[in-house]
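# Overview (structure and organization)
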Amino acid sequence: MPLSPLMFFFFLLPPVIFDAGYYMPNRLFFDHLGTILLYAVVGTIFNAFALSISLWGIGYTGIYGTFIPFLDLFLFSALISAVDPVAVLGVFDELKVDKVLYILVFGESLLNDAVSVVLYNVTQALIQIGSENITGNDILIGVAAFFVVAAGGTAIGVIFGYFGGIATRYTKRIEIIEPVVVFLVAYLADMTAELFYMSSILSVTFCGITMKNYSLLNMSESSCLTVKKTVKALSNLTETLIFILLGVSTVNDTQEWNTSFIGLTILLCTVYRTVGVFILTAIANPLRLHKLTVKDQIVMSWGGLRGAVAFALVYMINSGSINNQPLFASATISVVFFTVFVQGCTMKPLLLALKIPIGVDEEASLSERLHVKFQDHLVAGMELISGSTGKPTQRLRYKAMDRQYIRPLLLGQAHSLDPKTVESIQLNGFAS
């Protein structure tokens, strides 16, 4: 059975993304959010425009043997430029690379979904309008659509995350349904985002990020363990099925091979990924406390894996209106295979050659968490004295608001506890 877009987006992708969001290291993610957004938004747009313009310009030499319109090429570039979260998880999570590198590449792969899908949908709409009929208003609507899709998906996820916290507050007497509530709320977030044409990946991600802060304290220890084991099992199972079905789907008669076009696509995707990472890092590094080294940038460039998201999008193209869809499908499969097998399989030797640590234990101990909290309060106090406002002050203000207004509503008697501290105590064997 081939991998269909419907099966992928509605059944196989949500468990993988929910696993990533529910067990996302929140502090690390939000500390590096500015850099992640730079790579996800600006980087994806840069890659899409650079790749489409290059393929279009080279096409005038006649090397492809056929003419491909610019809008068709931009549609293809939009879907192939985004880093795939499933592929990144499969490689980086297995190797347990440096946590900053992991969160930058994985965070980018999650957030650039909104950019890629919006570019894809807007370009499809422009193709239907016709290049000769496109106006400035159409372009402005496309730009606005990006912000609406990204913000809408995030808002839906946060709302359902809070709803999950409320729901798990009232399940203490029926512990057996607590894990079911968590899974249902996450899937409802995904379905609601799809219903309103928002980013389902962002919705599920932020649903997990938000809900875990409350559900972990509301549920019993056995329910928390059940959720963790089940989510990991479902994630691994669907991740495996995605790549199995991806391999099965490559053997069909709806493809068209063009060595020049496919070879140039693979080459240009690799080149522009590297160029984009180095340019954007040069912009981000002066504003970062933790500077990204040349070694980090090499790993990030080589870690720009494409996967099933691009594959599902290319098969959503209507071959009746876009005659080059079979060629785009062959090129997408070739890029996916190159990035997953060549780049993915050589990632560990590359990390070893660059002497970047792998197999890093990312679980912080109880003493480390307490030390970080003490440091936050100390820096926030210094900022208060100096009259400035930084991340520690903003974080503590949000936590104060959360503790005063949100936690009493969602947690009841447990509102004074911190979920990360509770998790650390349980991991260290101090829980009763």
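Below is a summary of the structure that appears in this document.

What counts, and where the lines are drawn
- Residues numbered from 1 in each chain as written.
- Predicted model: local features only at pLDDT ≥ 70, side-chain atom pairs only at ≥ 80, totals over all residues.
- Heavy atoms only, no water.
- Helix = DSSP H or I, 4+ residues; strand = E, 2+ residues; numbered from the N terminus.
- Rg over C-alpha atoms; globule rule 2.2 N^0.38 Å.
- Buried < 20%, exposed > 50% of the residue type's maximum accessible area, 1.4 Å probe, protein only.
- Lys, Arg positive; Asp, Glu negative; His and termini not counted.
- Charge placed at Lys NZ, Arg CZ, Asp CG, Glu CD.
- Salt bridge = Lys/Arg side-chain N within 4 Å of Asp/Glu carboxyl O.
- Contact = heavy atoms within 4.5 Å.
- Expected span 1.5 Å × (residues − 1).
- Core = buried A, V, L, I, M, F, W, Y, C linked by side-chain atoms within 4.5 Å.
- Phe/Tyr/Trp six-rings, centres within 6.5 Å; stacked < 30°, edge-to-face > 60°.
- Axes fitted to C-alpha atoms, helices over the stretch in contact; angles between N-to-C directions.
- Left-handed = near helix turned anticlockwise from the far one by under 90°.
- Nonpolar A, V, L, I, M, F, W, Y, C, P; charged D, E, K, R; others polar.
- Parallel < 35°, antiparallel > 145°, perpendicular 65-115°, else oblique.
- Patch = residues over 30% accessible without salt bridge, like charges linked within 9 Å, V, L, I, M, F, W, Y side chains within 5 Å.
- Areas by Shrake-Rupley, 256 points an atom, 1.4 Å probe, with all protein chains shown as cover.

This next bit is on the overall build of the protein. Summing up its helical and strand segments, the protein has 18 helices and 0 strands in all. Over its C-alpha trace the protein gives a radius of gyration of 23 Å, about what one expects of a compact globule, namely 22 Å for 432 residues. Considering only C-alpha atoms, the protein reaches an extent of 70 × 45 × 45 Å along its principal axes. Split into buried and exposed, the 432 residues of the protein put 51% on the buried side. Of the charged side chains in the protein, 26 are positive and 29 negative; the average position of the first set lies 11 Å away from that of the second.

The next thing to look at is the side chain of R306. In this structure, R306 sits in the loop between α12 (294-302) and α13 (308-314). One buried charge, R306, has no salt-bridge partner; the nearest side chain with opposite charge is E108, at 7.8 Å. Setting aside anything within four residues of it in sequence, one finds R306 in contact with I80, S81, A82, D84, A87, C269, V335, V336, T339 and V340.

Turning our attention to helix α8 (residues 178-195). Structural remark: α-helix, 3.6 residues per turn; residues separated by three or four positions point the same way. In a regular helix each residue adds 1.5 Å, so 18 residues correspond to 26 Å; α8 covers 26 Å between its end C-alpha atoms and thus fits that length. Regarding α8, the residues found buried are E178, P179, V181, V182, V185, A186, A189, D190, T192 and A193. Considering only its buried residues, α8 is in contact with α1 (5-22), α7 (136-169), α9 (200-218) and α10 (221-249).

Of all hydrophobic cores here, the largest spans 119 residues; its most connected members are L3, F8, L55, L79, F92, F261 and F328. Take this core: its biggest share by element is 16 residues, from helix α6 (residues 99-129). When neighbours within four sequence positions are excluded, L3 is seen to be in contact with F8, L12, I242, L245, L246, S249, A308 and F311.

Should their charged atoms come close, side chains of opposite charge can pair. Within this structure, the stated rule accounts for 4 salt bridges. For D19, the salt bridge is made with K232, and the minimal N-O distance between the two is 3.2 Å. Of this pair, D19 sits in helix α1 while K232 sits in helix α10, placing them 213 residues apart in sequence. Since its relative accessible area comes to 8%, D19 is described here as buried. Taking the shortest distance from any N to any O, the salt bridge between R273 and E108 comes out at 2.7 Å. Here the residue R273 occupies a position in helix α11 (residues 259-284), and E108 occupies one in helix α6, the gap between them amounting to 165 residues.

Before going further, it helps to spend a moment on unusual backbone geometry. Although it is not a glycine, Y197 adopts a positive phi angle of roughly 60°. In this fold, Y197 is placed in the loop between α8 and α9. Looking at Y197, the relative accessible area reads 71%, which means it is exposed. Its identity as a non-glycine residue notwithstanding, K355 has a phi of 60°, on the positive side. Note on placement: K355 falls in the loop between α15 (347-353) and α16 (366-386). With relative accessibility at 72%, the residue K355 sits in the exposed group.

Quick look at the packing of aromatic side chains now. Evaluation of the coordinates by the stated rule reveals 20 aromatic pairs. An aromatic cluster is built from F49, W56, Y60, F67, F70 and F74, whose rings are joined through pairwise contacts.

Axis angle and axis distance: for two packed helices, these are the angle between their axes and the distance between the axes, and together they describe the pair. Look at α11 against α12: their axes get within 9 Å of each other, and the N-to-C directions meet at 145°. As for how α11 packs across α12, the hand of that crossing is right-handed. On α12, the residues that touch T270, R273, T274, V277, F278 and T281 of α11 are V294, Q297, I298, M300, S301 and W302. Looking at the contact of α11 with α12 residue by residue, the class counts come to 6 nonpolar, 5 polar and 1 charged.

With that settled, the discussion passes to the side chain of Q297. Structurally, Q297 can be placed in helix α12. Setting aside residues no more than four positions away along its own chain, Q297 makes contact with V277, F278, T281 and L292.

Attention now goes to the packing of α1 against helix α5 (residues 85-95). Running from N to C, α1 and α5 cross one another at 55°; their axes reach a closest spacing of 10 Å. By the angle class used here, α1 and α5 are oblique. With respect to the hand of their crossing, α1 and α5 are arranged in left-handed fashion. On α5, the residues that touch L13, V16, I17 and A20 of α1 are P85, V86 and L89. Of the residues assigned to the contact of α1 with α5, the class counts are 7 nonpolar, no polar and no charged.

Together, F46, L267, V271, V275, I279 and I283 line one region of the surface with nonpolar side chains, adding up to about 480 Å² of accessible area. Looking at which element gives the most residues to the nonpolar patch, the answer is α11, with 5 residues. One can find I283 in helix α11.

This part is about the environment of R397. Relative to the helices and strands, R397 resides in helix α17 (residues 391-410). For R397, a relative accessible area of 53% puts it in the exposed group. Counting along the chain gives 17 residues from R397 to A380, while the straight-line C-alpha distance between them is 9.8 Å.

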